Amino acid sequence: MYRCWVILAFCCLGQLCADPSLKPKIAAPQLATNNPTLTTVALEKPFCMFDNSLNPNKSYVIYLYAMKESANVISSLVTTTDSKPLNNTFQQTSGGQLGPYKAAVFSVPNCASPPKFADVGDVNKVSDVLKQYLFRVGDDGTCLYDPNFFAVCNPPLTPDTTYRFKYMLVDRTEGVVKDQTLWSDPIKTRGAKLPLKIDTWPGQRSGGMIVITSILSVLMFLLLAGLLASVFTAVMRSEGSSAETKQVGQTIQQSEPRPQLSSE
């Protein structure tokens, strides 16, 4: 009974239930905050999408393809004429500009035993749950520059750029495509603000921010005033001590008896 409720929760949250028109979707904000970022996009993994195409005697994997929306529609195919999946890389497609590239390969998510949504609230389990449920495109910042890296490269995406994504079910033994989703809706990465365009006008700030800024400014002024007063007092004491020492020395010299010269 509990498992049924878990599956239902994931279906409602991420629309995971099987549907012929399913396509990759951006992760729910409850599970991936600040998504997309400048260079990454977190997607829901394809739970229950390919159940009708799975053969229990076969072994399958999921391929994830990415391409920029500005890429030529004709070049958006990800299979060859003999149903083989394309293995175009990030470099070969200029980061998805010339067509789709293979961004990831991972196991088929288990629809019968999805991650437990209740475990998201457990600090010790949330990381594993998110890894099972989500895939972050653009999360590898070193694969392009590592000469010893031979796996599928998932380098950072371009800021302020629109992408589309596609999942594909591949028969691992035969190396052929058994099923695939539609291309996702356009998903745009965040754009970086130029320093000159950052609005610093106080009118754009909340009243609480202005009050806090004012209090901090007053405290800083008092701190500097106290520091200057302490330095001034120390200097005056030092000068007073030097003058007193000099005066005492002169007094001692004047009070000492002078030696008298004896007459022969």
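See the structure above.
Model, not experiment: these values are computed from the prediction. (Residues numbered from 1 in each chain as written. Predicted model: local features only at pLDDT ≥ 70, side-chain atom pairs only at ≥ 80, totals over all residues. Heavy atoms only, no water.)

Enquirer: Help me understand the pattern of salt bridges in this model?
Expert: Two side chains with opposite charge may pair up if their charged atoms get near one another. Scanning the model with the defined rule gives 6 salt bridges in all. Here lysine 58 and aspartate 171 are joined by a salt bridge, their closest N and O atoms 4.0 Å apart. Of this pair, lysine 58 sits in the loop between strand E1 (41-44) and strand E2 (60-68) while aspartate 171 sits in strand E5 (residues 162-171), placing them 113 residues apart in sequence. Residue classification places lysine 58 among the partly exposed positions, given a relative accessible area of 33%. A relative accessible area of 0% means that aspartate 171 is categorised as buried. (Salt bridge = Lys/Arg side-chain N within 4 Å of Asp/Glu carboxyl O. Helix = DSSP H or I, 4+ residues; strand = E, 2+ residues; numbered from the N terminus. Buried < 20%, exposed > 50% of the residue type's maximum accessible area, 1.4 Å probe, protein only.)

Enquirer: I would appreciate a short explanation of unusual backbone geometry in the present structure.
Expert: Excluding glycine, residues mostly carry a negative phi; peptide bonds, for their part, are mostly trans. Backbone torsion omega between asparagine 35 and proline 36 reads 0°, so that peptide bond is classified as cis. Here proline 36 shows up in the loop between helix H1 (2-14) and E1. Positive phi is not limited to glycine here, since cysteine 48 has a value of about 65°. In this fold, cysteine 48 is placed in the loop between E1 and E2. A positive phi angle is found at serine 94, which is not glycine, with a value near 55°. Take serine 94: its relative accessible area is 43%, and that puts it in the partly exposed class.

Enquirer: Would you take a moment to explain the pairing of E5 for this structure?
Expert: Along any regular strand the residues' side chains alternate between the sheet's two faces. Extensive coverage of E5 is indicated by the burial of 9 of its 10 residues. For E2 and E5, the ladder comprises 9 bridges, and the chain directions are antiparallel. If you follow lysine 68 over to E5, its bridge partner there is tyrosine 163. Where E5 lies against strand E7 (residues 187-188), 2 bridges are found, and the strand directions are antiparallel. (Pairing = 2+ DSSP bridges.)

Enquirer: So what exactly am I meant to see when it comes to the packing of aromatic side chains here?
Expert: To describe a pair of aromatic rings, one takes the distance between the centres and the angle between the planes. Taken as a whole, this structure holds 6 aromatic pairs when the rule is applied. Pairing tyrosine 163 with phenylalanine 165 gives two aromatic rings, centres 6.3 Å apart and planes at 20°, and the pair type is stacked. Through pairs of rings, three or more aromatic residues link up here, namely Phe106, Phe135 and Tyr167. Geometry around phenylalanine 106 places lysine 45 over its ring, the cationic atom sitting 4.9 Å from the centre. Here the basic side chain of lysine 102 rests over the ring of tyrosine 63, its NZ or CZ set 4.3 Å away from the ring centre. (Phe/Tyr/Trp six-rings, centres within 6.5 Å; stacked < 30°, edge-to-face > 60°. Lys NZ or Arg CZ within 6 Å of the ring centre and 35° of its normal.)

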